Amino acid sequence: KASSTTIPAAAASSSATASATAAASPGEPCQVRCRIGHECVRMTENPREPGYEEPACCDLCEAEDLPGTRPFFFHCSLCEYDVCPRCAEGTPEEEEEEEE
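Residue numbers restart at each chain and count upward from 1, following the sequence in its written direction. Predicted model: local features are reported for residues with pLDDT of at least 70 only, side-chain atom pairs are reported and counted for 80 or more only, and whole-chain, interface and lining totals are derived from all residues. Where side-chain values are given, they derive from all heavy atoms of the structure, hydrogens and water being excluded.

J.: Can you walk me through the overall build of the protein in this structure?
T.: Secondary structure is summarised from DSSP: a helix means a run of H or I of at least four residues, a strand means a run of E of at least two, and numbering begins at the N terminus for each. Within the protein, the secondary structure is distributed over four helices and four strands. Across the protein, helices and strands are ordered from the amino to the carboxyl terminus as α-β-β-α-β-β-α-α. Burial here depends on accessible area, computed with a 1.4 Å probe over protein chains only, as a share of the maximum for the residue type. Under 20% is buried, over 50% is exposed, and the range in between is partly exposed. The proportion of buried residues among the 100 residues of the protein is 37%. Residue contacts follow a heavy-atom distance rule, with two residues in contact if any of their heavy atoms lie within 4.5 Å. Once local pairs closer than 6 in sequence are excluded, the contacts in the protein between residues at least 24 apart make up 50%. All accessibility values rest on the Shrake-Rupley procedure with a 1.4 Å probe; residue burial counts only the protein chains present in the view. As displayed, the protein offers around 5,500 Å² of accessible surface, 45% of which is attributable to carbon and sulfur atoms.

J.: Honestly, the pattern of salt bridges in this entry has me stumped. Any pointers?
T.: Once the charged atoms of two side chains with opposite charge are near each other, the side chains can pair. Whenever a carboxyl oxygen of Asp or Glu lies within 4 Å of a side-chain nitrogen of Lys or Arg, that contact is scored as a salt bridge. If you walk through the whole model with that rule in mind, you get two salt bridges. Where R33 meets E39, a salt bridge forms, and the shortest distance between an N and an O atom there is 3.6 Å. Two residues, E45 and R48, come together in a salt bridge whose shortest N-O distance is 3.0 Å. E45 gets classed as partly exposed once you look at its relative accessible area, which sits at 46%. For R48, a relative accessible area of 75% corresponds to the exposed category.

Laid out in structure tokens, this is it:
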């Protein structure tokens with residue numbers, strides 16, 4: 001969703017799951033799930049649906065412009081939920097930046 005709303009990470013995937021999701025083709029369901037439990041799809045372009053006039057941003061770490069700055073991201077069209085690959089692995093970008 002193209003907003004800066006922070007949503008708690010209720011269902012973060014393990015790195016093994018994230019590795020499997022990275023292999024999924026764009027638009028195909030994968031093992032990443034939204035905060036409600038719907039199966040997300042791997043995307044490489046901004047969703048073509050209402051509410052996405054601006055580029056999608058990560059609902060967990062608030063990373064902006066996922067289609068323009070990441071090779072792929074995960075999307076739930078039912079919830080307008082988007083998550084970057086790093087958060088899908090369970091390592092939010094904010095935490096990693098603090099460690100450096």
